[in-house]
Amino acid sequence: MSKRNIQILKQLTPRKAWNTLALKTSFHLSSILKRPIHWGTPLAVSIEPTTACNLKCPQCPSGLRQFSRPTGNLKTNTNQSILDGLGKNLQYINYYFQGEPFINPDFLHMVREARSRGIYVLTSTNAHFISEKTADDVVSSGLSEVIISIDGTTQETYEDYRIEGELEKVLEGTKQLISSRKRAKSKFPIVTFQFLVTKKNEHQIDHLHKIAEEYGVDNVNLKTIQVYDFENGNDLIPDNPKYSRYKKNKNGSYSLKNKMRNSCWRSWSSCVFTWDGTVVPCCFDKDAKHKIGNISKKDFKSIWKGAINKDFRQKVLKNRNGIDICQNCSEGSKVWV
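Residues numbered from 1 in each chain as written. Predicted model: local features only at pLDDT ≥ 70, side-chain atom pairs only at ≥ 80, totals over all residues. Heavy atoms only, no water.

K.L.:
Just to check I follow, could you spell out unusual backbone geometry for this structure?
P.N.:
Note: most peptide bonds trans; most residues except glycine with negative phi. Along the chain, phenylalanine 188 connects to proline 189 via a cis peptide bond; the corresponding omega equals 5°. Take proline 189: it is sitting in the loop between α8 (167-183) and β5 (190-197). For lysine 34, which is not glycine, the phi dihedral falls at a positive 60°. The residue lysine 185 is not glycine, and still its phi comes out positive at about 55°. Along the polypeptide, lysine 185 turns up in the loop between α8 and β5. Overall, lysine 185 belongs to the exposed group, its relative accessible area being 80%. (Helix = DSSP H or I, 4+ residues; strand = E, 2+ residues; numbered from the N terminus. Buried < 20%, exposed > 50% of the residue type's maximum accessible area, 1.4 Å probe, protein only.)

Here's what the structure looks like:
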């Protein structure tokens, strides 16, 4: 069992356990009956601290500066409204959607507020803003886990995708986090290297593990890259099929490996909040095309149980492949925590 899941279980209450059971039961019933039955409230959410980013990654709306939705920073009062609305069943928050979280000056204040409620809190960062002081603030905030994006073990390979990024800053930020954690004699945050596997960096995976061990990183996560135009192939798709979410067909075209079953656990167990309080079904809706409500205009229970969300779940059960944001999804319909 991962360190993450161990910590989530340690914070499990009878109420949270009952909510998880309700979610799983209603999810399986809905999958069988093909109509949306929903009990319980989210056990996991993503909250977007900001849409701003210092890098220009080529497959990222934030990096490309190509959002069609409004951009900005999450405000502390909006964060408070989200946390209050979600109630006591929530087990897990990922303070990340688009953008670089540490650009928001109130980010760690929001982390502290979430952690005070007994919630496992993680974030994903490019680590360019983690100085010695920031690392100390991260540790004192109680942040449960930091995922550091490191998509190359040399500057040349790293900047091929993380455009305008500096590998040296990533490694220095990692070093500062580990050092601060040791000084505080704390086990947290758990530090995870996330490696987006591409054709340009797949040969560096062994080297990545060596660097992680050298720096004292807790986990290494190899992630498949999402490519928007994959049908005719793409220079970013790795040669090793093990690291690709796409398969090459006999006619030379590419298709998604995921069988795209007409069910989705994420639609039952979680949702995403953009920086302005808009609620969307999942992290694949990067441009917030499928809005199901806004926390500043309606209470969360009404949004979660409302007609718009019910209609979206019905579409998932009927024809998930017909939903645009699902067509590049790497998730199956398995129940996850």
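After presenting the structure, the write-up continues.
K.L.:
Teacher, can you tell me more about the sheet that holds strand β10 (residues 278-280) here?
P.N.:
Adjacent strands of a sheet form backbone hydrogen bonds with each other and so pair up, either parallel or antiparallel. In space, the nine strands of this open sheet follow the order β6-β5-β4-β3-β2-β1-β9-β10-β11, with mixed pairing throughout. The open sheet is flanked by β6 (219-224) and β11 (293-294), the only strands paired with a single partner. Where strand β2 (residues 92-94) meets strand β3 (residues 120-125), three bridges bridge the pair, whose relative direction is parallel. The residue of β3 that forms the bridge with asparagine 94 is leucine 122. (Pairing = 2+ DSSP bridges.)

K.L.:
How should empty space enclosed by the protein be read in this particular structure?
P.N.:
Applying the stated criterion across every chain, the model contains three cavities of 30 Å³ or more. Together, Cys264, Arg266, Ser267, Pro281, Cys282, Phe284, Phe312, Arg320, Ile325, Cys326 and Cys329 line the largest cavity. Within the lining of the largest cavity, the residues separate by chemical class into eight nonpolar, one polar and two charged. Lining the second largest cavity, in full, are Asp151, Thr157, Asp160, Tyr161, Thr198, Lys200, Asn201 and Leu236. When its residues are assigned to classes, the lining of the second largest cavity shows two nonpolar, three polar and three charged. (1 Å grid on protein atoms, 1.4 Å probe; cavity = no way out; pocket = protein on both sides within 12 Å on 5 of 7 lines; lining within 4 Å. Points joined across faces, edges and corners; volume = space filled by probe spheres on them. Nonpolar A, V, L, I, M, F, W, Y, C, P; charged D, E, K, R; others polar.)

K.L.:
How should the pairing of β6 be read in this particular structure?
P.N.:
Here β5 pairs with β6 via six bridges, running parallel. Counted as the bridge partner of phenylalanine 195 is leucine 222 from β6. After leaving β5, the chain enters helix α9 (residues 205-215) and then returns to the sheet as β6, a path that is right-handed. (Right-handed = clockwise from strand over helix to strand, strands pointing away.)

K.L.:
Sorry, what's going on with the pattern of salt bridges here?
P.N.:
Opposite charge on two side chains lets them pair, provided their charged atoms get close. Evaluated as defined, the whole model comprises 15 salt bridges. For lysine 3, the salt bridge is made with aspartate 218, and the minimal N-O distance between the two is 3.1 Å. Of the two residues, lysine 3 is situated in helix α1 (residues 3-10) and aspartate 218 in the loop between α9 and β6; the sequence distance between them amounts to 215 residues. Taking the relative accessible area as the measure of exposure, lysine 3 reaches 43% and is therefore partly exposed. Across the pair lysine 289 and aspartate 324 runs a salt bridge, and its minimum N-O distance is 4.0 Å. Residue lysine 289 is found in the loop between β10 and β11, and its partner aspartate 324 is found in the segment after α12 (307-319); the two are separated by 35 residues along the sequence. By sharing partners, the salt bridges in this structure join Lys3, Arg181 and Asp218 into a single network. (Salt bridge = Lys/Arg side-chain N within 4 Å of Asp/Glu carboxyl O.)

K.L.:
Whenever I open this one, the packing of aromatic side chains confuses me. Can you help?
P.N.:
Describing an aromatic ring pair means giving the distance of the ring centres and the angle of the ring planes. All told, the structure shown has eight aromatic pairs when counted by the stated rule. Each ring, one from phenylalanine 102 and one from phenylalanine 107, has its centre 5.1 Å from the other, and the planes form 75°; the classification is edge-to-face. Aromatic pair phenylalanine 230 and tyrosine 246: ring centres 4.5 Å apart, planes at 25°, arrangement stacked. Taken together, the residues span a long stretch of sequence, with phenylalanine 230 in the loop between β6 and β7 (246-248) and tyrosine 246 in strand β7 at a distance of 16 residues. (Phe/Tyr/Trp six-rings, centres within 6.5 Å; stacked < 30°, edge-to-face > 60°.)

K.L.:
When you look at the confidence of the model for the protein chain in this model, what are you seeing that I'm missing?
P.N.:
Fine structural detail should not be taken from predicted coordinates in areas where pLDDT scores are low. Mean pLDDT for the protein chain: 92, with 98% of residues reaching 70 or above. In the predicted structure, residues 332-337 sits below a pLDDT of 50 and forms 21 contacts with residues beyond four places in sequence or in another chain. (pLDDT = per-residue confidence, 0-100. Contact = heavy atoms within 4.5 Å.)

K.L.:
Help me understand helix α2 (residues 14-33) in this model?
P.N.:
Given 3.6 residues per turn, any residue in an α-helix points the same way as the ones three and four places further on. Between its first and last C-alpha, α2 extends 28 Å over 20 residues, near the 28 Å set by a 1.5 Å rise per residue. Among all positions in α2, only Lys16, Asn19, Thr20, Ala22, Leu23, Ser26, Phe27, Ser30 and Ser31 are buried. Here the buried residues of α2 occupy an arc of 160° about the axis, which is enough to place them on one side. Opposite the packed face of α2, turned more than 90 degrees from it, sit the exposed residues Pro14, Trp18 and Ile32. A positive backbone phi angle near 60° is found at lysine 34, which sits one or two residues after α2. (Expected span 1.5 Å × (residues − 1). Arc of directions from axis to C-beta.)

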